[in-house]
Amino acid sequence: MTTYYYIAASEKFLTSDNENLHEVLDERHRFYKEQNREIDFWFIKQPAFLEAPELAQVKAKCPQPSAAVVSLDKEWITFLKLRLEYVLSGEFEAPSDSIPQPTASLVASN
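Residues numbered from 1 in each chain as written. Predicted model: local features only at pLDDT ≥ 70, side-chain atom pairs only at ≥ 80, totals over all residues. Heavy atoms only, no water.

Caption draft 1: Local environment of the pattern of salt bridges. Counting across every chain of the model gives 5 salt bridges. The closest approach of N and O atoms between Glu11 and Lys45, which form a salt bridge, is 3.6 Å. In this pair, Glu11 is assigned in helix 1 (residues 11-14) and Lys45 in strand 2 (residues 41-45), connecting sequence segments 34 residues apart. With a shortest N-O distance of 2.7 Å, Glu51 and Lys59 are connected by a salt bridge. (Salt bridge = Lys/Arg side-chain N within 4 Å of Asp/Glu carboxyl O. Helix = DSSP H or I, 4+ residues; strand = E, 2+ residues; numbered from the N terminus.)

Caption draft 2: Spatial organisation of helix 2 (residues 21-34). In a regular helix each residue adds 1.5 Å, so 14 residues correspond to 20 Å; helix 2 covers 20 Å between its end C-alpha atoms and thus fits that length. By the burial criterion, the buried members of helix 2 are Leu21, Val24, Leu25, Arg28 and Tyr32. The buried residues of helix 2 all sit within an arc of 95° when viewed along its axis, so they share a single face. For helix 2, exposure combined with an orientation more than 90 degrees from the buried face picks out Asp26, Lys33 and Glu34. (Expected span 1.5 Å × (residues − 1). Buried < 20%, exposed > 50% of the residue type's maximum accessible area, 1.4 Å probe, protein only. Arc of directions from axis to C-beta.)

These values are about where atoms sit, not about what they do.
So this is what it looks like as structure tokens:
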């Protein structure tokens, strides 16, 4: 199993122009591309991992609809937590019985 780190908050907060998270994600994506690094972070609307029983307390604290940034990079998630301040953060192991797809969304894709 792999350890995934996350920040989670309301989707409205994370997509707010005031927080500029989209700019941070775009910049990180550009940096990874320049460095020929594989992307190890994802922005997920209504993340399915919050449905796992072991994360029930996190889901209960997170305004709905929620969104999350998930990454394999613990330090970067810590940076996001400090930058955004009003987010929940943590980690989980996946794939597992309760979290088969760590980056899955509950939003139906078109």
